[in-house]
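What follows is each chain in one-letter form.
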Amino acid sequence: MPNTGCMHTDWSLYTDLYQLTMAQGYLGAGKRDERAAFTMYFRDYPFEGGYAIACGMSQLADILEEYTFTDSDLDYLRGLEAPAGGRLFSEEFLDYLGKMELDLDIDAVPEGTVVFPHEPILRVTGPIMHCQMIETTLLNVVAFQTLIATKSARVCQAAGSAPVAEFGLRRAQGLGGAWASRAAYVGGCASTSNLLAGKLFDIPVSGTHAHSWVMSFPDELTAFRSYVEQFPGNATLLVDTYDVEQGVANAITVAREMRARGEGLAGVRIDSGDLSWLAKQARSMLDDAGFPDVKIVLSNDLDEHTISSIRAEGTPVDAWGVGTKLATAYEQPTLGGVYKLSAIQDAKTGKWVDKLKISESLSKLTTPGVLDVRRYYNEEGTIAGDMVFDIEAGVDEHEVIVDPLDSLRRKDLSGKQFKTLFKPLCRKGKVVLDDADRSARKARERCFAGLVELDETQLRMLNPHTYPVGLERGLHERRQALVAQLRKIDD
């Protein structure tokens, strides 16, 4: 197994209390062996964009391989008291947990896949107790990393051909920063400052120096000279500690000295002020001094919108450093992922029975069945529409999708080439992902390929075109009938 970086081994308790109280309830109600199907999806486009990038399946695989209740875990649970007094968990249930081995089949879209709201990105089938116990953990890792990978894809799209370095670890939420760095790489970042992520996930690392380096010397020029002596083959100088114009002038002095020694200054970085104005000034100074190859790197609370604005002004930028607003998903802290029961298997017949949650809000109406997704393609290679279908019922010959939020919106996908998105992640509790499907580099390549398949209108930062995702027509009709049945509505 590759070293994918599982940094925590007590995963069984990385969940909400009510997952285990429900599990004990299922055991007591005779549902120990009842098999269920759950689906994970999200309801709204993150960052008001036109797509999302699936991520987090690699960490989920790591967790499943480590999933067990230790004696220490059981002792902790044994000591929990119910609000009305007495032990919260029964000895029968704790004994079950101590001997339990997960018996789950999990299917998911591969990491790096472009995905959309209201379509499954992961399906879990198995004993309902087991499905329930991994819900919180699954949502935590997949929803968070999907959010960060999506933000990264948007930032890198705004940056164009210039590489983006992620360096948000110091602002990230705790140890999640390592996985944020991986997700940022999957979404398109060229490198990370995070050494642990670099080691664990085989991600390129990059970095320069901080203002404290300059401030620790008597003057800026001395600091620059000392730095390039230490790193003659990797010297990008931070020029805004005191004054950017003087900082660039000092960098030019050092660049001349390096040239005389047969070396070369890699670049200058600006981390404050009017970045567009200062970058143009720096480029002019460097070019006039005979250093057109010295690169300009910009950083300082950047996101896709500020990068787009700077580029729109024709600012010469060779690389970008993005930290806080990427690693923390600054303006949208959660994807809003959900995990819903969609079917129960009849123990006698083996057939799956539809389950549905009805809400006063149409967007929260769930979809029944054991679900998967077909992706259809136009002749020119762009994606034409995604169909959510029940693998037990299949797809009818008409291949029409119905918008889950507006039954009047339909699209005929018949005759188009398609592929099914889900791939096995786990079978009977054993992870079956191969190395390629757990590789951050392969996921990044998949992300690039998926974005190329989008129409340019779906890539717009402002008011992107909505990609068609719908229910297979027969599944839509089943859902409507089930809603009527549960609400006791007569035709």
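Residues numbered from 1 in each chain as written. Predicted model: local features only at pLDDT ≥ 70, side-chain atom pairs only at ≥ 80, totals over all residues. Heavy atoms only, no water.

**Comments concerning the overall build of the protein**
Test applied: Labels follow the DSSP assignment, with helices taken as runs of H or I lasting at least four residues and strands as runs of E lasting at least two, numbered in each case from the N terminus. Only protein chains enter the accessibility calculation, which uses a 1.4 Å probe; a residue whose area is less than 20% of its type maximum is buried, one above 50% is exposed, and one in between is partly exposed. Residues count as neighbours in contact if any of their non-hydrogen atoms are within 4.5 Å of one another. Method for areas: the Shrake-Rupley scheme with a 1.4 Å probe, in which residue coverage is limited to the protein chains shown. When charges are counted, Lys and Arg contribute as positive and Asp and Glu as negative, whereas His and the chain ends are disregarded. In this description, the location of a charge corresponds to atom NZ of lysine, CZ of arginine, CG of aspartate or CD of glutamate.
Helix and strand content of the protein: 17 helices and 21 strands. Overall, the protein is about 85 × 55 × 40 Å in size when its C-alpha atoms are taken along their principal axes. The proportion of buried residues among the 491 residues of the protein is 52%. Relative to all contacts within the protein whose residues are 6 or more apart in sequence, the contacts with residues 24 or more apart total 73%. Surface exposure of the protein reaches about 22000 Å², of which carbon and sulfur atoms provide 50%. Considering the protein, the positive charge centre built from 52 side chains and the negative charge centre built from 70 side chains are found 2 Å apart.

**What about the confidence of the model for the protein?**
Heads up, the condition is: The quantity called pLDDT is the predictor's confidence in a given residue, expressed from 0 to 100.
Mean pLDDT over the protein works out to 95, with 98% of the residues at or above the 70 mark. Ignoring residues within four places in sequence, the model shows residues 1-8, a span with pLDDT below 50, making 22 contacts including any to other chains.

**Describing the packing of aromatic side chains**
We apply this condition: Two rings from Phe, Tyr or Trp (for Trp, the six-membered ring) form a pair when their centres sit within 6.5 Å of each other. Planes less than 30 degrees apart are called stacked, planes more than 60 degrees apart edge-to-face, and all others tilted. Any Lys NZ or Arg CZ found within 6 Å of a ring centre and within 35 degrees of that ring's normal is scored as a charge over the ring.
Evaluated as defined, the whole model comprises ten aromatic pairs. Taking 5.3 Å as the distance between ring centres and 80 degrees as the angle between the ring planes, the aromatic pair formed by Trp11 and Tyr14 counts as edge-to-face. Centre to centre, the rings of Tyr227 and Phe231 are 5.1 Å apart; their planes meet at 40 degrees, and the pair counts as tilted. Sitting over the ring of Phe47, Lys151 keeps its end group 4.8 Å from the ring centre.

**Notes on helix α2 (residues 57-66)**
An α-helical segment advances 3.6 residues per turn. Residues three or four places apart therefore align on the same side. Burial analysis of α2 places eight of its ten residues in the buried class, the great majority of the element. Here α2 has its buried residues at Met57, Ser58, Gln59, Leu60, Ala61, Asp62, Ile63 and Leu64.

**Let's talk about the side chain of Arg269**
Worth spelling out the cut-off: Throughout this description, a polar contact denotes any pair of N or O atoms lying within 3.5 Å of each other; where both atoms belong to protein, one of them has to be capable of donating a hydrogen while the other can accept it, and for residues adjacent in sequence the pair is counted only when both atoms sit in side chains.
Checked against the element boundaries, Arg269 lands in strand β9 (residues 267-270). In terms of polar contacts, Arg269 uses its side chain to reach the backbone carbonyl oxygen of His209, at 3.3 Å. Non-local contacts of Arg269, meaning those with residues more than four positions away in its chain, are made with Phe167, Thr208, His209, Thr236, Leu237, Leu238, Val239, Asp240, Val297 and Ser299.

**Quick look at the state of the cysteines**
Put plainly, a disulfide is one covalent bond tying together the sulfur atoms of two cysteines. How we decide: Two cysteine sulfurs form what is called a disulfide whenever their separation falls within 2.5 Å.
In the structure shown here, the tally under the stated rule is zero disulfides. For the unlinked cysteine Cys131, the closest cysteine sulfur is that of Cys426, found at 11 Å.

**Quick word on the packing of helix α6 (residues 135-159) against helix α7 (residues 176-187)**
The line we're drawing: All axes are obtained by fitting lines to C-alpha atoms, using only the stretch in contact for helices, and the reported angles, taken between N-to-C directions, cover 0 to 180 degrees. With respect to orientation, any angle under 35 degrees is reported as roughly parallel, any angle over 145 as roughly antiparallel, any angle of 65 to 115 as roughly perpendicular, and every other angle as oblique. Take the far helix as the reference: if the near one is turned anticlockwise from it by less than a right angle, the crossing is left-handed, and if turned clockwise, right-handed. Gly is put with the polar residues, along with every residue not named as nonpolar or charged; the nonpolar set is Ala, Val, Leu, Ile, Met, Phe, Trp, Tyr, Cys and Pro, and the charged set is Asp, Glu, Lys and Arg.
Between α6 and α7, the least distance of the axes is 7 Å, while the angle of their chain directions is 45 degrees. Judged by the angle between their axes, α6 and α7 are oblique. Between α6 and α7 lies a crossing of right-handed hand. Between α6, through Phe144, Gln145, Ile148, Ala149, Ser152 and Ala153, and α7, the contact on the second element is made entirely by Gly176, Trp179, Ala180, Arg182, Ala183, Ala184 and Gly187. Each residue belonging to the contact of α6 with α7 can be placed in one class, and the counts come to eight nonpolar, four polar and one charged.

**Structural notes on the sheet that holds strand β20 (residues 430-431)**
Sheet strands pair by backbone hydrogen bonding; their relative direction is either parallel or antiparallel. Heads up, the rule is: Between any two strands, at least two bridges found by DSSP are needed for them to pair.
Spatial ordering of the open sheet is given by β13-β12-β1-β5-β3-β19-β20, a layout of seven strands whose pairing is antiparallel. Of all strands in the sheet, those bounded by a partner on one side alone are β13 (352-354) and β20. Looking at chain direction, strand β3 (residues 105-108) and strand β5 (residues 122-127) are connected through four bridges and run antiparallel. For Ile106, the partnering residue across the bridge sits in β5 and is Val124. On top of the sheet, α2 reaches β3, β5, β19 (423-427) and β20; it is set at about 15 degrees to β19, its chief contact.

**A short note on the side chain of Glu220**
Along the chain, Glu220 turns up in helix α10 (residues 220-230). Looking at Glu220, its side chain comes within polar contact range of the side chain of Asn250, at 2.8 Å. Non-local contacts of Glu220, meaning those with residues more than four positions away in its chain, are made with Val214, Leu238, Val239, Thr241, Tyr242, Gln246, Gly247 and Asn250.

**Details of the packing of helix α1 (residues 17-28) against helix α4 (residues 91-99)**
Where α1 contacts α4, the axes come no closer than 10 Å and their chain directions differ by 105 degrees. Of the possible angle classes, the one that applies to α1 and α4 is roughly perpendicular. Contact with α1, carried on its side by Leu20, Ala23, Gln24 and Leu27, involves Glu92, Phe93 and Tyr96 of α4 and no other residues of that element. Of the residues belonging to the contact of α1 with α4, the class tally is five nonpolar, one polar and one charged.

**Description of the nonpolar core**
For clarity, the threshold we go by: Side-chain atoms within 4.5 Å are what join buried Ala, Val, Leu, Ile, Met, Phe, Trp, Tyr and Cys residues into a set we call a nonpolar core.
Counting 131 residues, the largest nonpolar core has Leu97, Val124, Leu265, Trp320 and Leu425 as its most contacted members. Element by element, the count of residues in this core is highest for α6, at 13 residues. Apart from the residues within four sequence positions on either side, Trp320 is in contact with Ala159, Ala162, Pro163, Val164, Ala165, Val297, Leu298, Leu302, Ile307, Ile310 and Arg311. Counting six residues, the second largest nonpolar core, distinct from the first, contains Tyr376, Ala384, Phe389 and Leu413.

**Re the pairing of strand β10 (residues 295-298)**
Selection rule: For the handedness criterion, the strands are oriented away from the viewer, and a crossover whose path from the first strand over the helix to the second runs clockwise is classed as right-handed.
Here β9 runs beside β10; their pairing, made up of four bridges, is parallel. Looking across to β10, one finds that Ile270 is bridged to Leu298. After leaving β9, the chain enters helix α12 (residues 275-288) and then returns to the sheet as β10, a path that is right-handed. Inspection of the sheet shows β10 paired to strand β11 (residues 319-322) by two bridges, in the parallel sense. Within β11, the position partnered with Val297 by the bridge is Ala319. With helix α13 (residues 304-312) bridging β10 and the parallel β11, this β-α-β connection has right-handed handedness.

**Quick word on the sheet that holds strand β16 (residues 400-403)**
Across the sheet, which stays open at both edges, the six strands sit in the order β17-β16-β21-β15-β14-β18 with mixed pairing between neighbours. With partners counted over all chains shown, the strands left at the sheet margins are β17 (406-412) and β18 (417-420), one partner each. Each strand of the sheet is rotated relative to its neighbour by a mean of 35 degrees, with strand direction disregarded. Seen against the sheet, helix α17 (residues 473-486) touches β14 (371-377), β15 (383-390), β16, β17 and β21 (469-472) and runs at an angle of roughly 75 degrees to β21.

**Brief notes about the pattern of salt bridges**
Where we set the bar: One speaks of a salt bridge when a side-chain nitrogen belonging to Lys or Arg is within 4 Å of a carboxyl oxygen belonging to Asp or Glu.
Under the criterion given, the structure shown has 29 salt bridges. Asp75 is the salt-bridge partner of Arg78, the closest N and O atoms lying 2.8 Å from each other. Linking Arg78 with Asp75, this pair stays in helix α3 (residues 71-78), spanning three residues, or about one helical turn. Between Lys442 and Glu445 there is a salt bridge, and its shortest N-O distance comes to 3.9 Å. One end of the pair, Lys442, and the other, Glu445, are both in helix α16 (residues 440-452), three residues apart, so they sit about a helical turn from each other.

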